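Below, each chain spelled out in residue letters.
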Protein chains: 2
Amino acid sequence: MKLTALGTGGGVPSLYRGLPAFALERNGEVFLFDCGEGTQFRIMRSHIKPGRLEKIFISHFHGDHVLGLTGLLMTLSQFSREKPLELYAPPGMKEFMDNMKKHLNFRLDYELIIHEVTGGEIYKSKEYSIYAMPLSHIIFNLGYKIEEAERPGRFYPEKAIELGIKPGPLFKKLQDGHPVTLPNGNIVYPGQVMGPPRKGRKVVYATDTNPMSEMVDFAKEADLLMHDGMFSGDDDVMAIERGHSSVKDAARIAKEANVKKLLLIHISPRYSDGEMLLAKAKEIFPNTIIAKDYMTLEIPYED
Amino acid sequence: MKLTALGTGGGVPSLYRGLPAFALERNGEVFLFDCGEGTQFRIMRSHIKPGRLEKIFISHFHGDHVLGLTGLLMTLSQFSREKPLELYAPPGMKEFMDNMKKHLNFRLDYELIIHEVTGGEIYKSKEYSIYAMPLSHIIFNLGYKIEEAERPGRFYPEKAIELGIKPGPLFKKLQDGHPVTLPNGNIVYPGQVMGPPRKGRKVVYATDTNPMSEMVDFAKEADLLMHDGMFSGDDDVMAIERGHSSVKDAARIAKEANVKKLLLIHISPRYSDGEMLLAKAKEIFPNTIIAKDYMTLEIPYED
């Protein structure tokens, strides 16, 4: 998986930070988390292929997270998109889209499948599941998690050969989890030639939220936690009142959840010095990164 | 007056042309024509001071002309704007804004005065008037014109002195158009010491329109005509069907209206070669410019 930070600011844009939008590439598909004004331009300026967009996740109905959505959807239509696009958002998205279509006199030439979600498992395939969790903001707001299924363990061809299997279709049969019967009647089981199942990756997107104890569970051992870090932590009252977290809050959650990496996002335009914010977080959780527009992050498998 | 082209494309954005937005500065005030997605970023990157925004004019309800409006208005509020802002647009704007506020949970801390207009004189002060005219597009669409009032003629101090006026408050009285009675009983009239009234400037914004004979009158002798030049003129059917003009159409109108300068706008992303478009227009109307993002144009007085 590879994350591209398209907009790392929040509230109002600055010259240095665009409005929230994060693209996650996985296996040729692109997931987009939030879609602030200007996201379509930022996609154009990045390596992300808009045609690969598969799913869009909107956290909540504040302008800085939503105002790029309509333009992006319209442009995809103008670029002759045909395949359906899945849109996950809090309740209200269907009415919002209906109103935008009515006011702005457009239709989309592909199917936009809107899922109004409020939490829990919102998608499941063989390869991965997606979960949403209500956050603690001044309006209803969702965090999202993508969690890959376990992959089969590593295959050891030398062990298979030792047990009498010839390289070829039978290797594949074992890798797919099926036992193989040899001409002499012996049965070789996948477990004899493969290592234990390997963990999939887990990525969590949680912005515009007060620090929440529930996040520790939600983000448990995530490979990457993107977390609201709008304030420095020197004025906690302001962070709490506005439904945000400080970089210290984010670091504490990352530490408790034992994540591999913390990415601070939704950085307030009031901080020109990202290094100061980063230093505060690193005191608590060393493996912290502060997001910068157009930054990319590889999210490798553990093994 | 000074025009800044903030977004010179149309339909979909490209790497080279943003979506429609043109800022006109006059006497410390800024007028904005259309507000495509990203306009607030483009204002930030230009010399335009957002606090000076006085009036916004929206041509029509297509996304590429409107989708930056909500974000801009919200940001102005976050930047503590207090003075009212005037918004002129076709009918539907009040409902659109109400819906945006409802869906996106915001309010503005300044007064937004929405004028839903359909044509005619839409504003008049001592200094200038503003007119709207319905254009010929696939939905209801307005062109706008700002027309300055005549200014008093040039004042000739040497003539006043010759007639016995002493430099000082009486100069001002004459300049303001009042006669002055001298100690000897002679009366000096303004016309004796001033030239004829001088023409104000006229700027017309007309985009997303088929070529219209009415435009010749509307733009008559304008100092600057910004006109839809979305197509090259090699495929007139497409331009007509989509409610647009070719650069040749724009040039013909500029010529017939005897404007001083034509600025081609709403350039389609299909043309990477602006010079080719410009050459076609210049064959018909030599004083043509093709708009480029962030370009500025001074609009001087005739004299």
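Each helix and strand in chain A was counted, giving 11 helices and 16 strands. Once the C-alpha set of chain A is aligned to its principal axes, its extents read approximately 75 × 50 × 30 Å. By residue count, 57% of the 303 residues in chain A fall in the buried class. A separation threshold of at least 6 residues defines the contact pool for chain A, and within that pool the share at least 24 residues apart is 64%. When the accessible surface of chain A is summed, it comes to about 12800 Å², and 51% of that surface belongs to carbon and sulfur atoms. Counting 38 positive and 40 negative side-chain charges, chain A places the averaged centre of each group 5 Å from the other.

The next thing to look at is the relation of the copies chain B and chain A. Overlaying chain B on chain A yields an RMSD of 0.1 Å, the required transformation being a rotation through 180° with an accompanying axial translation of 0.0 Å. Expressed as an axis order, the relation between the two copies is that of a two-fold axis. Considering only C-alpha atoms, the part of chain B nearest the rotation axis is glycine 38 of chain B, at 2.7 Å. Of the interface residues in chain B, 97% have counterparts in chain A that sit at the interface too, so the contact is made through matching surfaces.

Residues and elements named next belong to chain A. Across the sheet, which stays open at both edges, the seven strands sit in the order 6-5-4-3-2-1-16 with mixed pairing between neighbours. Of all the strands in the sheet, just strand 6 (112-116) and strand 16 (296-298) have a single pairing partner and so form its edges. Within the sheet, the average angular offset between the axes of one strand and its neighbour, ignoring direction, is 20°. The sheet contact formed by strand 1 (residues 2-7) and strand 2 (residues 21-26) spans five bridges and is antiparallel. Opposite alanine 5, over in strand 2, you have phenylalanine 22 as the bridge partner. Its contacts with the sheet put helix 3 (residues 69-78) on strand 3 (29-33), strand 4 (53-57), strand 5 (85-89) and strand 6, and the angle it makes with strand 4 is roughly 165°. Along the sheet, helix 4 (residues 93-104) contacts strand 5 and strand 6; its crossing angle with strand 6, the most-contacted strand, is approximately 140°.

What follows concerns the packing of helix 10 (residues 247-257) of chain B against helix 11 (residues 274-284) of chain B. All names here are of chain B. With their axes 8 Å apart at the nearest point, helix 10 and helix 11 run at an angle of 30° to one another. As judged from the angle between their axes, helix 10 and helix 11 are roughly parallel. When you trace helix 10 past helix 11, the crossing you get is right-handed. On helix 11, the residues touching Val247, Lys248, Ala251, Arg252 and Lys255 of helix 10 are Leu277, Lys280, Ala281 and Ile284. Within the contact of helix 10 with helix 11, the residues separate by chemical class into five nonpolar, no polar and four charged.

For helix 4 (residues 93-104) of chain B, which comprises 12 residues, the first-to-last C-alpha distance of 16 Å matches the rise-based estimate of 16 Å (1.5 Å per residue) to within 8%. Every buried residue of helix 4 of chain B is listed here: Met93, Phe96, Met97, Asn99, Met100, His103 and Leu104 of chain B. Looking straight down helix 4 of chain B, one finds that the buried residues subtend no more than 160° of arc, so they occupy a single side. On its buried side, helix 4 of chain B packs onto helix 2 (63-66) and helix 4 of chain A together with helix 2 (63-66), helix 3 (69-78), strand 5 (85-89) and strand 6 (112-116) of chain B. Note on helix 4 of chain B: the residue one or two positions beyond its end, asparagine 105 of chain B, has a positive phi of about 55°.

Here we take up the domain arrangement of chain A. Taken domain by domain, chain A holds domain 1 (2-151 + 198-298) and domain 2 (157-192). Each of domain 1 of chain A and domain 2 of chain A has a C-alpha centre, and the two are 44 Å apart.

Moving on to the pattern of salt bridges. Throughout the structure, instances matching the rule amount to 31 salt bridges over all chains. Aspartate 109 of chain B is the salt-bridge partner of arginine 107 of chain B, the closest N and O atoms lying 2.3 Å from each other. Taking relative accessible area as the criterion, arginine 107 of chain B reaches 62% and is therefore assigned exposed. Look at aspartate 109 of chain B and you get partly exposed, because its relative accessible area is 46%. Linked through salt bridges whose partners overlap, the residues forming this network are Arg26, Glu127, Glu148 and Arg201 of chain A.

Turning next to the pairing of strand 9 (residues 142-148) of chain B. All names here are of chain B. Counting buried residues in strand 9 gives six out of seven residues, a clear majority hidden from the surface. The pairing of strand 8 (residues 128-134) with strand 9 spans seven bridges and is antiparallel. Across the sheet, the residue bridging to methionine 133 is glycine 143, located in strand 9.

Residues and elements named next belong to chain B. Within helix 3, nine of the 10 residues are buried, leaving the element largely enclosed by the surrounding structure. For helix 3, the full list of buried residues reads Leu69, Thr70, Gly71, Leu72, Leu73, Met74, Thr75, Leu76 and Ser77. One or two residues past the end of helix 3 sits serine 80, with phi positive at roughly 65°.

Chain B puts 36 residues into the contact, and the matching count from chain A is 35 residues. The largest share of the area that chain B buries against chain A comes from Glu37, Leu67 and His103 of chain B, three residues that together contribute 22% of it. In this structure, the salt-bridge partner of lysine 102 of chain B is glutamate 95 of chain A, at a minimum N-O distance of 2.8 Å. Counting across the interface, chain B meets chain A through 10 residue pairs in polar contact (both at pLDDT 80 or more). For the side of chain B that touches chain A, the secondary structure elements donating two or more residues are helix 1 (39-45), helix 2, helix 3 and helix 4 of chain B. Take the side of chain B that touches chain A: its biggest share by element is seven residues, from helix 4 of chain B. Taken together, the residues of the side of chain B that touches chain A sort by class into 15 nonpolar, 17 polar and four charged.

Once that is clear, we can look at the confidence of the model for chain A. Across chain A, the average pLDDT comes to 95, with 100% of residues at 70 or higher. The ipTM for the predicted assembly is 0.91, set against a pTM of 0.92.

Residues and elements named next belong to chain A. Within the open sheet, the seven strands sit side by side as 7-8-9-12-13-14-15. Their pairing is mixed. With partners counted over all chains shown, the strands left at the sheet margins are strand 7 (120-124) and strand 15 (288-290), one partner each. Each strand of the sheet is rotated relative to its neighbour by a mean of 20°, with strand direction disregarded. Alignment of strand 12 (residues 202-206) against strand 13 (residues 224-228), held across four bridges, turns out to be parallel. Bridged to valine 204 within strand 13 is leucine 225.

This part takes up the nonpolar core. One finds Ile56 and Met93 of chain A together with Ile56 and Met93 of chain B to be the most contacted residues of the largest nonpolar core, which totals 66 residues. Each residue touching isoleucine 56 of chain A, except ones within four places of it in the same chain, is listed here: Leu32, Leu69, Leu72, Leu73, Leu85, Glu86, Leu87 and Tyr88 of chain A.

The rules behind each value
- Residues numbered from 1 in each chain as written.
- Chains lettered and ligands numbered in written order.
- Predicted model: local features only at pLDDT ≥ 70, side-chain atom pairs only at ≥ 80, totals over all residues.
- Heavy atoms only, no water.
- Helix = DSSP H or I, 4+ residues; strand = E, 2+ residues; numbered from the N terminus.
- Buried < 20%, exposed > 50% of the residue type's maximum accessible area, 1.4 Å probe, protein only.
- Contact = heavy atoms within 4.5 Å.
- Areas by Shrake-Rupley, 256 points an atom, 1.4 Å probe, with all protein chains shown as cover.
- Lys, Arg positive; Asp, Glu negative; His and termini not counted.
- Charge placed at Lys NZ, Arg CZ, Asp CG, Glu CD.
- Least-squares fit on C-alpha atoms with pLDDT ≥ 70 in both.
- Pairing = 2+ DSSP bridges.
- Axes fitted to C-alpha atoms, helices over the stretch in contact; angles between N-to-C directions.
- Parallel < 35°, antiparallel > 145°, perpendicular 65-115°, else oblique.
- Left-handed = near helix turned anticlockwise from the far one by under 90°.
- Nonpolar A, V, L, I, M, F, W, Y, C, P; charged D, E, K, R; others polar.
- Expected span 1.5 Å × (residues − 1).
- Arc of directions from axis to C-beta.
- Domains from an automatic or database assignment.
- Salt bridge = Lys/Arg side-chain N within 4 Å of Asp/Glu carboxyl O.
- Buried area = accessible area lost by both parts, 1.4 Å probe.
- Polar contact = N/O pair within 3.5 Å; in protein donor to acceptor, adjacent residues only side chain to side chain.
- pLDDT = per-residue confidence, 0-100.
- Core = buried A, V, L, I, M, F, W, Y, C linked by side-chain atoms within 4.5 Å.

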